[in-house]
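# A structural walkthrough
Single-letter residue listing:
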Amino acid sequence: MFERIPKEGPTFTKWFDNILEKAELYDYGRYPVKGCGIWLPYGFKMRQLVLNFMRNLLNTSSHEEILMPLLIPEDLLSKEKEHIEGFRGEVYWVTKGGDENLDVKLALRPTSETVISLYESFWLKSYKQLPRKYYQIASIFRYETKATRPMIRVREVTTFKEAHTVHESYKDAERQVLEAINIYRKFFDELGIPYIISKRPDWDKFAGALYTIAFDTVMPDGRTLQIGTVHNLGQNFTKVFEVRIQLADETIDYAWQTSYGISERVIAALVSVHGDDLGLILPPKFAPIQVIIIPIPAKELWDKILEMTRKVCNELRSHGIRADVDDRIEFSPGYKFYDWELKGVPLRIEIGSKEVKTGTVTLADRLERKRKQIAVDNIVKQVKVELEKIEEKIKERAKEWFKAKRFRARNISEAQKMLKKIKGIVELPWCGKEECGYKFEEILEAKVLGSPLPTLEEVKVENLKCPICGDKALTIVRLAKQY
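These numbers were taken from a predicted model, which means no experiment stands behind them. Numbering of residues starts from 1 in each chain and follows the order in which that chain's sequence is written. Local features in this predicted model are restricted to residues of pLDDT 70 or higher, and side-chain atom pairs are both shown and tallied only at a pLDDT of 80 or more, whereas totals for entire chains, interfaces and linings draw on every residue. Each side-chain value is derived from all of the structure's non-hydrogen atoms; neither hydrogens nor water enter the calculation.

## Considerations on the packing of aromatic side chains
Any pair of Phe, Tyr and Trp rings, taking the six-membered ring for Trp, is counted once the centres come within 6.5 Å. Such a pair is stacked with planes under 30 degrees apart, edge-to-face with planes over 60 apart, and tilted for the rest. Here the structure, examined in full by the defined rule, presents 22 aromatic pairs. Ring centres 5.5 Å apart and planes at 40 degrees place the aromatic pair Phe188 and Phe215 in the tilted group. Remark: Phe215 occurs in strand 10 (residues 211-218) and Phe188 occurs in helix 6 (residues 170-191); sequence separation between them is 27 residues. Here the term buried applies to any residue with accessible area under 20% of the maximum for its type, exposed to any over 50%, and partly exposed to those in between, with areas from a 1.4 Å probe on protein chains only. Look at Phe215 and you get buried, because its relative accessible area is 0%. Ring plane angle 10 degrees and centroid distance 4.4 Å describe the contact between Phe331 and Tyr335, whose orientation is recorded as stacked. Relative accessible area serves as the criterion here: at 31%, Tyr335 is assigned to the partly exposed category. Secondary structure is summarised from DSSP: a helix means a run of H or I of at least four residues, a strand means a run of E of at least two, and numbering begins at the N terminus for each.

As structure tokens, this is what we get:
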């Protein structure tokens, strides 16, 4: 039975674990390899809907899906020195094949910049072939030494979407960074997951990148979760792997690259941001079942109730609505209501003797738990209207909650109070110096998320000073407790 645990505050992690188990999304903690989870059918369907939406965004913006090798030779992974240093402590190494020691250690892919760069040196020779945009959705492996958490911090990341692009100039790579940001904005907006977009400080950028842009959301316990990243890689990998391109003026230069990725943290955020103390609340577009139909027993009309139930289900399905019938006889209607609320099905339809006699059905929505009667002849149109309403209400509710979790502080004391009170994101004026960034983290016991992008968000720091050194502020620094 599902234990009703408050979602917000210190009980969030317990709520999250409980939801994953009881809603049958993801089995974690029982597999004999730490940091590995198993997607259960209901969770897998939700994951599939999310990934299909991402695939559509990429495919319609000239990205091409590929699949790269899982095993990476040590010498290949080590070619870009900053890259390997950034990942050295997280790499899983394969050193044997059967009983034989391998001549070269093989890494289980932590990410694929080195692999794709090698092959781009084979495939791409002219500016006429560019820009080129590749992506894959696959597993990566990282030896997380911190406490692992289901979906949030795992050792096998099973839902790693990584895109890799190639360009003839820095200017075009910068254009691609903005395109990637806009793709992710569409993605997270459709999921209803609110976010901030920040340029990570240099000490926290992706290993081997010129700079990193990150999307962060706030979880119900007030900690932030990084849910997407975009990197301008410059020519760091192309110089190492000899990805040389003939340009329009017939000169030869190294190509420019970007990369960007998401993981199952997106699913963790989808579950956490929208759910409530009763269980999941899923935006209809990403709900494995959008409408659950429950027949209410009545002996004298049971056959007609079942007939009407199946007819309604078939009618909804014929119009592309993901509907299902719960006709389990061993459970009461009340138990079924409870069960499907837990699983976050957006709409419930009840059909009993009253509905059969009046030619109506009873609709109940998961978000506000309101019930109303509608004519069965108008079922498809009305269900579509209700699903759209639920979608918009879910998104609006998440935005309002997120808005209350951001605060602009004027000084360190105010920032300390707000981090303790709102448990979210605090913003302060910043001179941009690294030493002041580290001092912010030390004093506030929080992580620097970065600064706003002026191209996306107006930054007003006129007449403001950095609270650490007193110098003129050049930007805003964002800090939060972070997963």
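Back to the text.
## Brief notes about the pattern of salt bridges
For this analysis, a salt bridge means a side-chain nitrogen from Lys or Arg found within 4 Å of a carboxyl oxygen belonging to Asp or Glu. On inspection of all chains with the given rule, the structure shows 39 salt bridges. Of the charged contacts, one joins Glu179 and Arg175 as a salt bridge, the two residues approaching to 3.5 Å between their closest N and O atoms. Of this pair, Glu179 and Arg175 are both found in helix 6, four residues apart, which corresponds to roughly one turn of the helix. Residue classification places Arg175 among the partly exposed residues on the basis of a relative accessible area of 32%. With its nearest N and O atoms 3.8 Å apart, the salt bridge here joins Glu242 to Arg244. For Glu242, a relative accessible area of 42% puts it in the partly exposed group. Residue classification places Arg244 among the partly exposed residues on the basis of a relative accessible area of 37%. Here the residues in one salt-bridge network are Glu341, Arg348, Glu350, Arg369 and Arg371, joined through shared partners.

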